[in-house]
Amino acid sequence: QKEVEQDPGPLSVPEGAIVSLNCTYSNSAFQYFMWYRQYSRKGPELLMYTYSSGNKEDGRFTAQVDKSSKYISLFIRDSQPSDSATYLCAPYYGGSQGNLIFGKGTKLSVKP
Amino acid sequence: ETGVTQSPTHLIKTRGQQVTLRCSSQSGHNTVSWYQQALGQGPQFIFQYYREEENGRGNFPPRFSGLQFPNYSSELNVNALELDDSALYLCASSTGQRRGTEAFFGQGTRLTVV
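All residue numbers here refer to positions counted from 1 along the written sequence of the relevant chain. Whichever chain is written first is A, and whichever ligand is written first is 1; the rest continue in order. Where totals are concerned, whole chains, interfaces and linings use all residues; where local detail is concerned, this predicted model gives features only for residues with pLDDT of at least 70, and gives and counts side-chain atom pairs only at 80 or more. Side-chain measures were taken over the full set of non-hydrogen atoms in the model, leaving aside hydrogen atoms and water.

## Some remarks on the interface of chain B and chain A
Taken residue by residue, the interface counts 19 residues in chain B and 20 residues in chain A. Values labelled buried area give the accessible surface lost by two parts on being combined, using a 1.4 Å probe and summing over both. For the chain B and chain A pair, buried surface summed over both sides reaches about 1700 Å², with 51% attributable to carbon and sulfur atoms. Any Lys or Arg side-chain nitrogen located within 4 Å of an Asp or Glu carboxyl oxygen qualifies as a salt bridge. Connecting chain B to chain A are zero salt bridges. In the analysis that follows, any N or O atom pair within 3.5 Å is treated as a polar contact, provided that within protein one partner can donate a hydrogen and the other can accept it, and provided that, for residues neighboring in sequence, both atoms belong to side chains. Here chain B is connected to chain A by three residue pairs in polar contact (both at pLDDT 80 or more). A run of DSSP states H or I qualifies as a helix once it reaches four residues; a run of E qualifies as a strand once it reaches two. Both are numbered from the N-terminal end. Mapped by element, the contributors of at least two residues to the side of chain B that touches chain A are strand 4 (31-37), strand 5 (44-50), strand 6 (53-57) and strand 9 (87-94) of chain B. Throughout this entry, Asp, Glu, Lys and Arg are counted as charged residues, while Ala, Val, Leu, Ile, Met, Phe, Trp, Tyr, Cys and Pro are counted as nonpolar. The remaining residues, Gly among them, count as polar. Residues belonging to the side of chain B that touches chain A are distributed by class as follows: seven nonpolar, 11 polar and one charged. The criterion used for residue contact is that any of the two residues' heavy atoms lie within 4.5 Å.

In structure tokens, the structure reads:
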């Protein structure tokens, strides 16, 4: 079983839709749960992260972690064409080991 | 822009050759991590340098090696290039305290091995 599983999509939605992006992970030692956005031909940029279980909101974006089921979600409200990108989840152990374990990424397309 | 710069942006090499990729970290950051991103995949951790010492390595063979300099910039060297080494190579810089939660990526070097 891979450490992080993420449906690669592609996912196509109309402008204004609510988008749900999800990952599952296998290692219960993960403490931080990162979401990165990657535009075509660019490096990933950090969107937001959550520590342990619970929700975190930042504008139109909400990150959710359920550690009991090892399930990570990112919700995008009122999606915009500028949200079209690949979204990568990346759980992280924390502490001195700084390496991120990335999912494959989900390619999102928001149509005007 | 993150302040992390990588050079070159694109590179074409022949199988068996050697390549050096460079990364200039964001001001104030003393940790650099390198990742390989194959087409359609998420980035995979190669190794990390903290204050000029290797501080963790992923599942990559020894022909992948690196350096970090006193100004915290870094190099990734790959010897005996193989076709499967074709990928986007990303570096990420961070501080020692927040290596995972505040890692800023450069835009990558796209390496093509022919």
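## Some words on the state of the cysteines
Cysteine sulfur atoms are paired as a disulfide whenever they come within 2.5 Å of each other. The final tally for this structure, using the stated rule, is two disulfides over all chains. Covalent S-S linkage joins Cys23(A) and Cys89(A), the inter-sulfur distance amounting to 1.9 Å. An S-S torsion of about -105° defines the bridge between Cys23(A) and Cys89(A) as left-handed. Placement of the pair is Cys23(A) in strand 3 (residues 19-25) and Cys89(A) in strand 9 (residues 85-92), with a sequence separation of 66 residues. The same class applies to Cys23(A) and to Cys89(A), which are both buried. Between the sulfur atoms of Cys23(B) and its disulfide partner Cys91(B) the distance amounts to 1.9 Å. Between Cys23(B) and Cys91(B), the disulfide has an S-S torsion of 65° and is therefore right-handed. Here Cys23(B), found in strand 3 (residues 19-24), pairs with Cys91(B), found in strand 9; they are 68 residues apart in sequence, far enough to count as distant. Among the residues examined, Cys91(B) registers a relative accessible area of 0% and is labelled buried. Burial here depends on accessible area, computed with a 1.4 Å probe over protein chains only, as a share of the maximum for the residue type. Under 20% is buried, over 50% is exposed, and the range in between is partly exposed.

## Concerning unusual backbone geometry
The step from Gly9(A) to Pro10(A) runs through a cis peptide bond, and the omega angle for that step is 10°. Mapped onto the fold, Pro10(A) is located in the loop between strand 1 (4-6) and strand 2 (11-14). Each neighbour pair has its own omega, and for Ser7(B) with Pro8(B) the value is -10°, a cis peptide bond. You can see Pro8(B) is positioned in the loop between strand 1 (5-7) and strand 2 (10-13). A positive phi angle is found at Ser52(A), which is not glycine, with a value near 60°. On the secondary structure map, Ser52(A) appears in the loop between strand 5 (45-51) and strand 6 (54-58). Given a relative accessible area of 26%, Ser52(A) falls into the partly exposed group.

## Description of the pattern of salt bridges
When the charged atoms of two side chains with opposite charge come close together, those side chains can pair. Residues and elements named next belong to chain B. All chains considered together, the criterion is met by seven salt bridges over all chains. The partner of Glu-75 in a salt bridge is Arg-22, and the shortest N-O contact between them spans 3.5 Å. In this pair, Glu-75 is assigned in strand 8 (residues 74-78) and Arg-22 in strand 3, connecting sequence segments 53 residues apart. Residue classification places Glu-75 among the buried positions, given a relative accessible area of 15%. The closest approach of N and O atoms between Arg-63 and Asp-85, which form a salt bridge, is 2.8 Å. With Arg-63 in the loop between strand 6 and strand 7 (64-68) and Asp-85 in the loop between strand 8 and strand 9, this pair connects stretches of sequence that are 22 residues apart. As far as the burial class goes, Arg-63 and Asp-85 line up, both buried. Connected via shared salt-bridge partners are Arg-63, Glu-82 and Asp-85.

None of this, on its own, says anything about what the molecule does.
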